[in-house]
Amino acid sequence: MRKQEKERYKKKLLTKKAEIVETLNEVLNQSKEVEPDVVQDAGDKAETAYTKEFLLNLSTTERKQLSKIDEALGRIEECTYGTCQMCHKQINKKRLNAVPWALYCIHCQEKAEEESA
Ligand SMILES: [Zn+2]
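These remarks concern the structure in this document. (Residues numbered from 1 in each chain as written. Predicted model: local features only at pLDDT ≥ 70, side-chain atom pairs only at ≥ 80, totals over all residues. Heavy atoms only, no water.)

## Comments concerning the overall build of the protein
In terms of helices and strands, the protein carries four helices and zero strands. Mapped in sequence order, the helices and strands of the protein form the string α-α-α-α. For 117 residues, the compact-globule formula gives about 13 Å, and the C-alpha radius of gyration of the protein, at 19 Å, lies well above that figure. In terms of its C-alpha atoms, the protein occupies a principal-axis envelope of roughly 60 × 30 × 20 Å. Counting every position in the protein, which comprises 117 residues, the buried fraction comes to 27%. (Helix = DSSP H or I, 4+ residues; strand = E, 2+ residues; numbered from the N terminus. Rg over C-alpha atoms; globule rule 2.2 N^0.38 Å. Buried < 20%, exposed > 50% of the residue type's maximum accessible area, 1.4 Å probe, protein only.)

What follows is the structure in structure tokens.
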């Protein structure tokens, strides 16, 4: 992969990373607002628990993606970026444009999903 191309993907990854960090901060603020001591009845309590769980799940997803992005940035530095971690073939450019943190080529990704399903 050419340097210019790598820079382009790096930029994409960093932009996405900034977006996620922002979302996580929002989630953090929201979950702070959902404090149990301001809740009155049981119905409200249940809703608070639900909201907290929802926010927590969301942040778990975001966090996972964040670590994927960090790994991808690491691979850019190591010059292994854009190579499938399973079959070591080049990952399709279209795929990298859509999912710049992709670890696998589309075939290996499908295989991995089938196995985990
Ligand atoms: Zn592959």
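## Quick word on the coordination of the zinc ion
Distances from the zinc ion to its protein donors, C84 (SG), C87 (SG), C105 (SG) and C108 (SG), fall within 2.3 to 2.4 Å. Taken together, the four donor atoms surrounding the zinc ion define angles of 104 to 117° at the centre, an arrangement classified as tetrahedral. Expressed as a motif, the donor residue spacing for the zinc ion is C-x2-C-x17-C-x2-C. Remark: C108 occurs in helix α4 (residues 106–116) and C87 occurs in the loop between α2 (42–78) and α3 (93–98); sequence separation between them is 21 residues. The buried category is assigned to C108, whose relative accessible area is 4%. (Donors = N, O, S within 2.8 Å, 3.2 Å for Na, K, Ca; no water. Tetrahedral: all angles 85-135°; square planar, octahedral: opposite > 155°, others 65-115°.)

## Comments concerning the packing of aromatic side chains
For any pair of aromatic rings, the description rests on two quantities: the centre-to-centre distance and the angle between the ring planes. Per the counting criterion, the structure on display carries one aromatic pair. Over the aromatic face of Y9 sits the side chain of R8, whose NZ or CZ is 5.2 Å from the ring centroid. (Phe/Tyr/Trp six-rings, centres within 6.5 Å; stacked < 30°, edge-to-face > 60°. Lys NZ or Arg CZ within 6 Å of the ring centre and 35° of its normal.)

## Focus: the pattern of salt bridges
A full pass over the atoms with the stated rule returns four salt bridges. A salt bridge links E77 to K10, with the shortest nitrogen-to-oxygen separation between them at 3.2 Å. Separated by 67 residues along the polypeptide, E77 in helix α2 and K10 in helix α1 (residues 3–33) bring together distant segments of the chain. Assessed through its relative accessible area of 24%, K10 is described here as partly exposed. Across the pair D70 and K17 runs a salt bridge whose closest N-O atoms are separated by 2.8 Å. With a gap of 53 residues between them, D70 in helix α2 and K17 in helix α1 connect regions that are remote in the sequence. (Salt bridge = Lys/Arg side-chain N within 4 Å of Asp/Glu carboxyl O.)

## Considerations on α1
Counted at 1.5 Å a residue, the expected span for α1 with its 31 residues is 45 Å, and the 45 Å between its end C-alpha atoms agrees. Of all the positions in α1, only E5, K6, Y9, L13, I20, L24 and V27 are classed as buried. The secondary structure elements touched by the buried residues of α1 are α2 and α3. (Expected span 1.5 Å × (residues − 1). Contact = heavy atoms within 4.5 Å.)

It is worth stressing that arrangement in space is one thing and function is another; only the former is reported here.
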